[in-house]
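# Reading the structure
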Amino acid sequence: MGCGFRIVFGYTQSDEISLLFHRDDAPFDRKLRKLISVLAGEASACFSLRLGVAACFDTRISQLPNAELVVEYFRWRQEDATRNALNGHCYWALRREGRDAQQATAELNALSVATKNELLFQRGINFNELPKWQRRGIGLYWEEFEKAGMNPLTGETRTALRRRIRVDMELPMREEYDALLRGMVLAAGA
């Protein structure tokens, strides 16, 4: 969010990062190849430094022609997060029981969502009670806040409006999420 681009909304789940650029942001004259290489390099470098081991990201850019498609894109990513989380929890539950990677994958392959939920429930895990960020992903966006300060010339206490990145670990779903996203799209200049 603070890497030199005008990012309005960031969303992450599993091993993915999705960014909503401000419509007027034109780094590198919006040359896609340049943006792709810089964004992949930045994500890879940051994660490698923080993890202490090599991490590698690839990049895709989706140029969406209208606000509604942007909302649909981020909703699709959240729905994918839920699928990934359910499958991941089931997979690791089976692995803890001694199945190897192929066995766990094969066992889950044809199961319905309800059956996967039941698989977890039988092992003491209620998927719907897991932390929301594990099921829905994490949103990052700018928020304004008031900060008290003192005018060094007059000694008066003043309140200033500042910006900070909000890390939202409890993203809403459905219509509430759509409303949040529409606000981000408006902030992005669409």
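Residues numbered from 1 in each chain as written. Predicted model: local features only at pLDDT ≥ 70, side-chain atom pairs only at ≥ 80, totals over all residues. Heavy atoms only, no water.

### Notes on the environment of His-89
With respect to the helices and strands, the residue His-89 is situated in helix H2 (residues 67-96). Between the C-alpha atoms of His-89 and Ala-106, which are 17 residues apart in sequence, the distance is 15 Å. Excluding residues within four positions of it along the chain, His-89 makes contact with Leu-120, Phe-127, Leu-130 and Gln-134. (Helix = DSSP H or I, 4+ residues; strand = E, 2+ residues; numbered from the N terminus. Contact = heavy atoms within 4.5 Å.)

### Observations concerning the sheet that holds strand S3 (residues 138-150)
With antiparallel pairing, the four strands of this open sheet are ordered in space as S2-S1-S3-S4. Single-partner strands in this sheet number two, and they are strand S2 (16-21) and strand S4 (157-168). Each adjacent strand pair in this sheet contributes to an overall mean axis angle of 25°, direction not counted. Relative to S3, strand S1 (residues 7-13) runs antiparallel, the two being bridged by four bridges. (Pairing = 2+ DSSP bridges. Axes fitted to C-alpha atoms, helices over the stretch in contact; angles between N-to-C directions.)

### A short note on a nonpolar patch on the surface
On the surface, Ile-17, Leu-19, Phe-47, Leu-51 and Val-53 cluster together to form a nonpolar patch covering roughly 430 Å² of accessible area. Residue assignment for the nonpolar patch shows that the elements contributing at least two residues are S2 and helix H1 (32-51). Tracing the backbone shows Leu-19 in strand S2. (Patch = residues over 30% accessible without salt bridge, like charges linked within 9 Å, V, L, I, M, F, W, Y side chains within 5 Å. Areas by Shrake-Rupley, 256 points an atom, 1.4 Å probe, with all protein chains shown as cover. Salt bridge = Lys/Arg side-chain N within 4 Å of Asp/Glu carboxyl O.)

### Remarks on the environment of Ile-125
Turning to its location among the elements, Ile-125 is positioned in the loop between helix H4 (113-121) and helix H5 (132-136). Taking the C-alpha atoms as reference points, Ile-125 and Ala-55, 70 residues apart in sequence, are found 30 Å from one another. Setting aside residues up to four positions removed in sequence, Ile-125 forms contacts with Arg-96, Leu-120 and Leu-130.

### Some words on unusual backbone geometry
Despite not being glycine, Asp-29 shows a phi value in the positive range, around 55°. Residue position: Asp-29 is located in the loop between S2 and H1.

### So, the pattern of salt bridges
Within this structure, the stated rule accounts for 13 salt bridges. One salt bridge in this structure joins Arg-99 and Glu-107, with 2.8 Å as the shortest N-O distance. Classification of Arg-99 by relative accessible area gives partly exposed; the value is 22%. Among the salt bridges present, the one from Glu-143 reaches Arg-164, with a minimum N-O distance of 2.9 Å. Of the two residues, Glu-143 is situated in strand S3 and Arg-164 in strand S4; the sequence distance between them amounts to 21 residues. (Buried < 20%, exposed > 50% of the residue type's maximum accessible area, 1.4 Å probe, protein only.)

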